[in-house]
Amino acid sequence: HSQYEFCAHSSETWMMQNKLPANFEAWVRYWADTLDRGLHAKNFSHGPMSMYNEPWCFSTLPFGCYSPINLQTQRLTCHRPYDYLSRFPAQQALRNVDKAYSVGVVEKYQESLCVVTARMSGSLPSWCNCRDAAAWAVGNRSLSKEMHGSHGSVSQAVPE
């Protein structure tokens, strides 16, 4: 859902928004049909540049935005962005995650940066102490989307 919301509302995708289906359900139906017909397996990084794909590295993806078809598997296994295979190499994706220095979760941004900081420096900054509300709040303010940008996407609730 967050991919559709980003494509529909982000200030970075304003040029493409009139190309999107009217709602999330229609967008999902479009991509399900694309998958069923085997049209998802293509190198979308080639093709003519237009005002609808210029911000997306000249991607020719439909709607000039994300393909939700196994996006994380594609990103974890691709040799080139926007080059989608007909199969989804899940085992390779898992091996690549295992080899990664660190993996973060956008919705847990502060926690993810604490893990990266600990891996890099061997210690945690004070703003990583979640038992100290004041210290945690300092980190939360300095790492907020307002400071680093939300790219115009709609925030999604994440269960604890």
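Everything in this summary refers to the structure shown in the same document. (Residues numbered from 1 in each chain as written. Predicted model: local features only at pLDDT ≥ 70, side-chain atom pairs only at ≥ 80, totals over all residues. Heavy atoms only, no water.)

Observations concerning the packing of aromatic side chains
Line of reasoning, step 1. With the rule as written, the count across this model stands at 8 aromatic pairs.
Line of reasoning, step 2. Geometrically, the ring pair formed by Tyr4 and Trp27 is tilted, given 5.5 Å between the ring centres and 55° between the ring planes. Of this pair, Tyr4 sits in helix H1 (residues 2-9) while Trp27 sits in helix H2 (residues 24-36), and the two are 23 residues apart along the sequence.
Line of reasoning, step 3. The buried category is assigned to Tyr4, whose relative accessible area is 7%.
Line of reasoning, step 4. Consider the rings of Phe24 and Trp27, whose centres lie 6.2 Å apart with planes at 35°: the pair is tilted. You can see Phe24 and its partner Trp27 sitting in helix H2, 3 residues apart, about one turn around the helix.
Line of reasoning, step 5. Among the aromatic side chains, those forming a connected cluster through ring pairs are Tyr4, Phe24 and Trp27.
Line of reasoning, step 6. Directly above the ring of Tyr101 sits Arg119, whose terminal nitrogen or CZ lies 4.2 Å from the centroid. (Phe/Tyr/Trp six-rings, centres within 6.5 Å; stacked < 30°, edge-to-face > 60°. Helix = DSSP H or I, 4+ residues; strand = E, 2+ residues; numbered from the N terminus. Buried < 20%, exposed > 50% of the residue type's maximum accessible area, 1.4 Å probe, protein only. Lys NZ or Arg CZ within 6 Å of the ring centre and 35° of its normal.)

A closer look at the pattern of salt bridges
Line of reasoning, step 1. Scanning the model with the defined rule gives 1 salt bridge in all.
Line of reasoning, step 2. For the salt bridge of Asp33 with Arg37, the shortest nitrogen-to-oxygen distance reads 2.8 Å.
Line of reasoning, step 3. What makes Arg37 exposed here is its relative accessible area of 54%. (Salt bridge = Lys/Arg side-chain N within 4 Å of Asp/Glu carboxyl O.)

Quick word on the state of the cysteines
Line of reasoning, step 1. A full pass over the atoms with the stated rule returns 2 disulfides.
Line of reasoning, step 2. Residue pairing for Cys7: its cysteine sulfur links by disulfide to Cys65, the two sulfurs lying 2.0 Å apart. What sets the handedness of the Cys7 and Cys65 disulfide is the S-S torsion sign, and at about -90° it is left-handed. Taken together, the residues span a long stretch of sequence, with Cys7 in helix H1 and Cys65 in the loop between H2 and helix H3 (71-77) at a distance of 58 residues.
Line of reasoning, step 3. Overall, Cys7 belongs to the buried group, its relative accessible area being 2%.
Line of reasoning, step 4. The class of Cys65 is buried, set by a relative accessible area of 4%. (Disulfide = S-S within 2.5 Å.)

None of this, on its own, says anything about what the molecule does.
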